[in-house]
Amino acid sequence: MDIVNILRSLTVAAIPILFAITFHEVAHGWVADKLGDPTARSMGRLSFNPLAHIDPVNTVVLPIVLFIVSNGTFIFGSAKPVPVDYRNLTNPRRDSALVSAAGPVMNIILAIFSLFTLLMLYKVLPHFIEGSDLLSSKIIPPVLQMLQYGVSFNIFIAAFNLIPIPPLDGGRIALSLLPPRQAYMFSRLEPYGIYIVLILWMTGLARIIIYPIQVFIKFLISLFIIPFGGLM
């Protein structure tokens, strides 16, 4: 893939990624706020403005580098984590699991919305683009590509975050479900969690863990989409 096509693909991918990571972080903060912790709200992190959540390295530099190095075949990014003071939660043990689950759940909702919109557009577009070269060649293809990427990226980011290793969301959910003694021992992995995830990714083991989670998420999404099949 030449540099022009890489940049074009990167531009198409950028919007779905920004939506995915912004809504993911806002979901964490919103649920935490509803459960008693106003930290994210007081710091202005419940905003849907991506600028409030952008991390220069993980949101900008890392995705661009990965996309270019992989020749346009892989991209990954993350936003600044929304601050949560778990001591403020009404029921810290239960509520921390709900706060952690909120991010992946939001990504699944975004994937459903993107897929539903994509299917509806495929249904209605033939009635509107006939005879319109501008719509059919300049506007519609990038929109469809963004929606397609929105589906795949949101499924991936939800599955990735559900890997049961702290500080990922799946790890925090596991901490909430484990008995106190086991949870304490498991929590001691958190300072090394990101390195464990990197090792899993470099060895290919992360993909083995993520794949069944992605399959399950796709199954859940199909349960929402199938009832609308007759309308599409």
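Residues numbered from 1 in each chain as written. Predicted model: local features only at pLDDT ≥ 70, side-chain atom pairs only at ≥ 80, totals over all residues. Heavy atoms only, no water.

## Some remarks on the overall build of the chain
Working step 1: Helix and strand counts for the chain stand at 9 helices and 0 strands.
Working step 2: Helices (α) and strands (β) of the chain occur, in sequence order from the N terminus, as α-α-α-α-α-α-α-α-α.
Working step 3: In the chain, of all internal contacts separated by at least 6 residues, the share reaching a separation of at least 24 is 71%. (Helix = DSSP H or I, 4+ residues; strand = E, 2+ residues; numbered from the N terminus. Contact = heavy atoms within 4.5 Å.)

## Here we look at the side chain of asparagine 154
Working step 1: Positionally, asparagine 154 belongs in helix α5 (residues 133-161).
Working step 2: Overall, the relative accessible area of 3% leaves asparagine 154 in the buried class.
Working step 3: Among the polar contacts listed, one links the side chain of asparagine 154 to the backbone oxygen of glycine 150, at a separation of 2.7 Å.
Working step 4: Beyond its immediate sequence surroundings of up to four residues, asparagine 154 is in contact with Ala20, Asn107, Leu110, Ala111 and Tyr149. (Buried < 20%, exposed > 50% of the residue type's maximum accessible area, 1.4 Å probe, protein only. Polar contact = N/O pair within 3.5 Å; in protein donor to acceptor, adjacent residues only side chain to side chain.)

## Overview of the confidence of the model for the chain
Working step 1: Taken over all residues, the pLDDT of the chain has a mean of 85, while the share at 70 or more is 86%.
Working step 2: Element-level mean pLDDT values for the chain span from 76 in helix α3 (residues 56-69) up to 93 in helix α6 (residues 169-177). (pLDDT = per-residue confidence, 0-100.)

## What to know about the environment of isoleucine 112
Working step 1: By secondary structure assignment, the location of isoleucine 112 is in helix α4 (residues 92-124).
Working step 2: Among the residues examined, isoleucine 112 registers a relative accessible area of 16% and is labelled buried.
Working step 3: Along the chain, isoleucine 112 and isoleucine 155 lie 43 residues apart, while their C-alpha atoms are 9.4 Å from each other.
Working step 4: Discounting residues that sit within four places of it in the chain, isoleucine 112 has contacts with Ile221, Phe224 and Ile225.

## Comments concerning the side chain of histidine 53
Working step 1: Structurally, histidine 53 is set in the loop between α2 (39-42) and α3.
Working step 2: For histidine 53, a relative accessible area of 0% gives the class buried.
Working step 3: For histidine 53, the side chain forms a polar contact with the main-chain oxygen of serine 47, separated by 2.6 Å.
Working step 4: For histidine 53, the residues in contact, after removing those within four places along its chain, are Thr22, Glu25, Val26, Arg45, Ser47, Thr59, Ala79, Lys80 and Val82.

## Quick notes on the packing of α6 against helix α7 (residues 180-187)
Working step 1: Direction vectors running N to C along α6 and α7 enclose 150°, while the axes themselves pass 8 Å from each other. Viewed along their axes, α6 and α7 adopt a mutual orientation that is roughly antiparallel. Residue-level contacts link Gly171, Ala174 and Leu175 of α6 to Ala183, Phe186 and Ser187 of α7.
Working step 2: In terms of residue class, the contact of α6 with α7 is made up of 4 nonpolar, 2 polar and no charged. (Axes fitted to C-alpha atoms, helices over the stretch in contact; angles between N-to-C directions. Parallel < 35°, antiparallel > 145°, perpendicular 65-115°, else oblique. Nonpolar A, V, L, I, M, F, W, Y, C, P; charged D, E, K, R; others polar.)

## Considerations on the pattern of salt bridges
Working step 1: Scanning the model with the defined rule gives 4 salt bridges in all.
Working step 2: One salt bridge in this structure joins arginine 41 and aspartate 33, with 2.9 Å as the shortest N-O distance.
Working step 3: For arginine 41, a relative accessible area of 49% gives the class partly exposed.
Working step 4: Among the residues examined, aspartate 33 registers a relative accessible area of 18% and is labelled buried.
Working step 5: Arginine 87 serves as the salt-bridge partner of aspartate 85, at 3.0 Å between the closest nitrogen and oxygen.
Working step 6: With a relative accessible area of 21%, aspartate 85 lands in the partly exposed category. (Salt bridge = Lys/Arg side-chain N within 4 Å of Asp/Glu carboxyl O.)

## Some remarks on the packing of aromatic side chains
Working step 1: Counted by the stated rule, this structure contains 6 aromatic pairs.
Working step 2: With a centroid separation of 6.0 Å and 15° between ring planes, the pair formed by tyrosine 149 and phenylalanine 153 is classed as stacked. With tyrosine 149 and phenylalanine 153 both in helix α5 and 4 residues apart, the pair spans about one turn of that helix.
Working step 3: The interplanar angle of 75° and the centroid separation of 6.0 Å between the aromatic rings of phenylalanine 156 and tryptophan 201 together place this pair among those described as edge-to-face. Within this pair, whereas phenylalanine 156 is found in helix α5, its partner tryptophan 201 is found in helix α8 (residues 193-203), the two being separated by 45 residues in sequence.
Working step 4: Residue phenylalanine 156 is classed as buried on the basis of its relative accessible area of 13%. (Phe/Tyr/Trp six-rings, centres within 6.5 Å; stacked < 30°, edge-to-face > 60°.)

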